[in-house]
Amino acid sequence: MYHVGQPRWDQNTLSGRLKHFIAQVHPKYILYSTSQLDECKLALNEHYKEGQAQKHPVRDLWRAQYAVYARIHPDTGHVVPAVFSMPGMILASVPVCALMVMPGNSALLGSFYQVVNQSINAGFNYCNRNASLKTSTAQMVGGYVGAVGAAVTVASVLRNAITNSPRISASVKRTLGTFLPFPAVASANTLNMILMRNGELFNGIEVFNADGSSAGVSHAAARHAILYTALSRIIMPVPVFVFPPVGVLIIEKISNLFTRMAMFACPTSL
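Residues numbered from 1 in each chain as written. Predicted model: local features only at pLDDT ≥ 70, side-chain atom pairs only at ≥ 80, totals over all residues. Heavy atoms only, no water.

*Asks:* Give me the lowdown on the overall build of the chain, citing residues and values where you can.
*Replies:* A tally of regular secondary structure across the chain gives 12 helices and two strands. If you list the helices and strands of the chain from N to C, you get α-α-α-α-α-α-α-α-β-β-α-α-α-α. Taken across its 270 residues, the chain has 30% of its residues classed as buried. Of the roughly 16,400 Å² that the chain leaves accessible, carbon and sulfur atoms contribute 66%. (Helix = DSSP H or I, 4+ residues; strand = E, 2+ residues; numbered from the N terminus. Buried < 20%, exposed > 50% of the residue type's maximum accessible area, 1.4 Å probe, protein only. Areas by Shrake-Rupley, 256 points an atom, 1.4 Å probe, with all protein chains shown as cover.)

*Asks:* Tell me about the packing of helix 6 (residues 137-163) against helix 8 (residues 181-203), residues and numbers included.
*Replies:* Relative to each other, helix 6 and helix 8 sit at 155°, their axes nearing to 8 Å. The pairing of helix 6 with helix 8 is recorded here as roughly antiparallel in orientation. For the element pair helix 6 and helix 8, the recorded crossing hand is right-handed. Residue-level contacts link Gln-139, Met-140, Gly-142, Gly-143, Tyr-144, Gly-146, Ala-147, Ala-150, Ala-151, Val-154, Ala-155 and Leu-158 of helix 6 to Pro-183, Ala-184, Ser-187, Ala-188, Leu-191, Asn-192, Leu-195, Met-196 and Asn-198 of helix 8. (Axes fitted to C-alpha atoms, helices over the stretch in contact; angles between N-to-C directions. Parallel < 35°, antiparallel > 145°, perpendicular 65-115°, else oblique. Left-handed = near helix turned anticlockwise from the far one by under 90°. Contact = heavy atoms within 4.5 Å.)

*Asks:* Please give an account of helix 9 (residues 219-235) that cites residues and values.
*Replies:* Taking 1.5 Å of rise per residue, 17 residues should cover 24 Å, and helix 9 covers 25 Å from first to last C-alpha, within 8% of that figure. Looking only at helix 9, the buried set comprises Ala-222, Ile-226, Thr-229 and Ala-230. Across the axial projection of helix 9, the buried residues extend over an arc of 105°, all falling on one side. Turned more than 90 degrees off the buried face of helix 9, the exposed positions are Tyr-228 and Ile-235. Buried-residue contacts for helix 9 involve helix 8, strand 1 (205-208) and strand 2 (214-218). Between a side-chain oxygen at the N-terminus of helix 9 and the backbone nitrogen of Ala-220 the separation is 3.4 Å; the capping residue is Ser-218. (Expected span 1.5 Å × (residues − 1). Arc of directions from axis to C-beta. Polar contact = N/O pair within 3.5 Å; in protein donor to acceptor, adjacent residues only side chain to side chain.)

Take a look at the structure:
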């Protein structure tokens, strides 16, 4: 059964929310042309206005809805460029993040990866911005420059501190180097968010009653919103920039343990 504008799976369960998210980021939507996306919008509009359930199969309606979720801006109705849509963002970010956590990156190469990563983030944030709120060009440029500056500065300062420390062995320096992208990205994400949303701290944000009616503007709600968003910007990079280096360290420890045993030396080396 298809329900207009409703998720396909039960959002009260973890599996339902996971399926809903995976459906929105399916890579196939990157290949959809503008005409295909227009056809998806037309099918949904026809079903919504005329209730023509028989004209479009239920499977096609669900496909159309998730294609619209993935590639159509909810405020403007315009097509989001494929590379800056949610499916495209994931595919574009994965190789950059993988390169950032590779051991042995030089300071210049590490800075370059940070600039590329923040450029992708800036494009995604702009193309998926809240169009109902006015965002000036100065704010967007300031957010981008601040994020790039924070990422490069934090990574460079920490890299120099680790490299020039006489008390840290070469192996430990190599290990710590793989964790440098995390504080750089976390600080950049946080600063970018603060620069882009600083107006909310001064002007407050509108809050609503349970029935949807406006309850006025609240500065406290704005502070809480920005605080929790900042915390999320710090926590979200953990699976990408902390877990893989930790996993590599564990694998290396286990590998070294088994290579001491003759019968396991060849398999663990491979």
